[in-house]
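Structure at a glance
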Amino acid sequence: EPEVTQTPSHQVTQMGQEVILRCVPISNHLYFYWYRQILGQKVEFLVSFYNNEISEKSEIFDDQFSVERPDGSNFTLKIRSTKLEDSAMYFCASGGTGSQPQHFGDGTRLSIL
Amino acid sequence: QKEVEQDPGPLSVPEGAIVSLNCTYSNSAFQYFMWYRQYSRKGPELLMYTYSSGNKEDGRFTAQVDKSSKYISLFIRDSQPSDSATYLCAMTLEGTYKYIFGTGTRLKVLA
């Protein structure tokens, strides 16, 4: 069964550094998403991406964050100047259409020291 | 009032029991309703996806939506120890595709 894959599974970074989290969505999907889950809290929406542009973003997704689909298979989340509070699990998801259910990867655990 | 409310549990049941998991929501504009299962250190795994009020069955799982009461449920029949996980409800508002999740209910099925 096709799946969403995310790398790395765990990223440890010093505060103030930049990180790039990578995702390979399901191959025929057109809609891509990033969510995060701070330890002990609920999963929160960050951004959705369709047709090579952001279609929706949350208040969390400020100028510190950016997304890119650099080629036909990868979808990346870049976090600039990381802060301690950016420590969380980051999940990538993809969907065939906007209304079809989203399928999630296993996440990248980001630890900011 | 939170948009989506879900009892965090933990909920412990014996193997073979019927499990009922619930979410309530405040905004009548929610239109799509999903249930995900999340094992420790893993991503959410889609279990059920519904749009209209009523029941939808898939194997041991039944999803129920009551839009008039703003209430959704997931029933698990003949529960197994492998069902032990956190169950997340999620829903989307009309005109948007972002998911709004509940806090998740931790379920333990005891052998």
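Whatever comes next refers back to the structure up there.
Presented here is a report on the structure given in the accompanying data block. (Residues numbered from 1 in each chain as written. Chains lettered and ligands numbered in written order. Predicted model: local features only at pLDDT ≥ 70, side-chain atom pairs only at ≥ 80, totals over all residues. Heavy atoms only, no water.)

For the rest of this paragraph, the subject is the side chain of Thr-86 of chain B. Residues and elements named next belong to chain B. Within the secondary structure, Thr-86 sits in strand S9 (residues 85–93). Judged by its relative accessible area of 18%, Thr-86 is buried. If we ignore the near neighbours within four places in the chain, the residues touching Thr-86 are Tyr-36, Arg-37, Gln-38, Gly-104, Thr-105 and Arg-106. (Helix = DSSP H or I, 4+ residues; strand = E, 2+ residues; numbered from the N terminus. Buried < 20%, exposed > 50% of the residue type's maximum accessible area, 1.4 Å probe, protein only. Contact = heavy atoms within 4.5 Å.)

On to the pattern of salt bridges. Residue and element names in this part refer to chain B. Under the counting rule described, the total for this entry stands at six salt bridges over all chains. Two residues, Arg-37 and Asp-83, come together in a salt bridge whose shortest N-O distance is 4.0 Å. Residue Arg-37 is located in strand S4 (residues 30–38), and its partner Asp-83 is located in the loop between strand S8 (71–76) and S9; the two are separated by 46 residues in the primary sequence. Among the residues examined, Arg-37 registers a relative accessible area of 12% and is labelled buried. The salt bridge partner of Arg-60 is Asp-83, with a shortest N-O separation of 2.9 Å. Placement of the pair is Arg-60 in the loop between strand S6 (54–58) and strand S7 (61–66) and Asp-83 in the loop between S8 and S9, with a sequence separation of 23 residues. (Salt bridge = Lys/Arg side-chain N within 4 Å of Asp/Glu carboxyl O.)

Attention shifts here to the interface of chain A and chain B. Each side of the interface is counted separately: chain A has 19 residues, and chain B has 17 residues. Counting the surface lost from both chain A and chain B, the interface buries some 1,700 Å², and carbon and sulfur atoms represent 56% of this. At the junction of chain A with chain B, the criterion picks out one salt bridge. Measuring nitrogen to oxygen at the nearest pair gives 3.5 Å for the salt bridge that ties Lys-42 of chain B to Asp-106 of chain A. The tally of links between chain A and chain B comes to eight residue pairs in polar contact (both at pLDDT 80 or more). (Buried area = accessible area lost by both parts, 1.4 Å probe. Polar contact = N/O pair within 3.5 Å; in protein donor to acceptor, adjacent residues only side chain to side chain.)

Residue and element names in this part refer to chain A. With eight of eight residues buried, strand S9 (residues 88–95) is to be regarded as a mostly interior element. The alternating pattern of S9 places Ala-88, Tyr-90, Cys-92 and Ser-94 and Met-89, Phe-91, Ala-93 and Gly-95 on opposite faces, both of which are buried. Where strand S4 (residues 31–37) lies against S9, seven bridges are found, and the strand directions are antiparallel. Residue Tyr-33 lies in a different strand from S9, and its bridge partner there is Ala-93. The pairing of S9 with strand S11 (residues 108–112) spans three bridges and is antiparallel. Opposite Tyr-90, over in S11, you have Thr-108 as the bridge partner. (Pairing = 2+ DSSP bridges.)

Residues and elements named next belong to chain A. Pairing is antiparallel in the open sheet, where four strands are placed in the order S1-S3-S8-S7. If you trace the sheet from one side to the other, it starts and ends with strand S1 (5–7) and strand S7 (65–68), each paired once. Taken over all neighbouring pairs, the strand axes of this sheet differ in orientation by 20° on average, direction set aside. Two elements, S1 and strand S3 (residues 19–24), share three bridges in a ladder whose sense is antiparallel. Note on S3: the bridge partner recorded for Thr-7 is Arg-22. (Axes fitted to C-alpha atoms, helices over the stretch in contact; angles between N-to-C directions.)

All names here are of chain B. In this structure, S6 lies alongside S7, joined through five bridges in antiparallel fashion. Along S7, the bridge assignment pairs Asp-58 with Phe-61. Once S6 ends, the chain turns through two residues before running back antiparallel as S7, passing Gly-59 with a positive phi of about 65°. Connecting S7 to the antiparallel partner S8 that follows it, the hairpin turn spans four residues, and Lys-70 within it adopts a positive phi of roughly 55°.

Ranked by size, the top nonpolar core spans 26 residues in total, and within it Phe-30, Trp-35, Ile-72, Leu-74, Ile-76, Tyr-87 and Met-91 of chain B carry the most contacts. Contributing elements (two or more residues each) for this core: strand S3 (19–25), S4, strand S5 (45–50), S7, S8, S9 and strand S11 (105–110) of chain B. Core analysis: the next-biggest nonpolar cluster, separate from the first, contains 22 residues, Leu-21, Trp-34, Leu-77 and Cys-92 of chain A among them. (Core = buried A, V, L, I, M, F, W, Y, C linked by side-chain atoms within 4.5 Å.)

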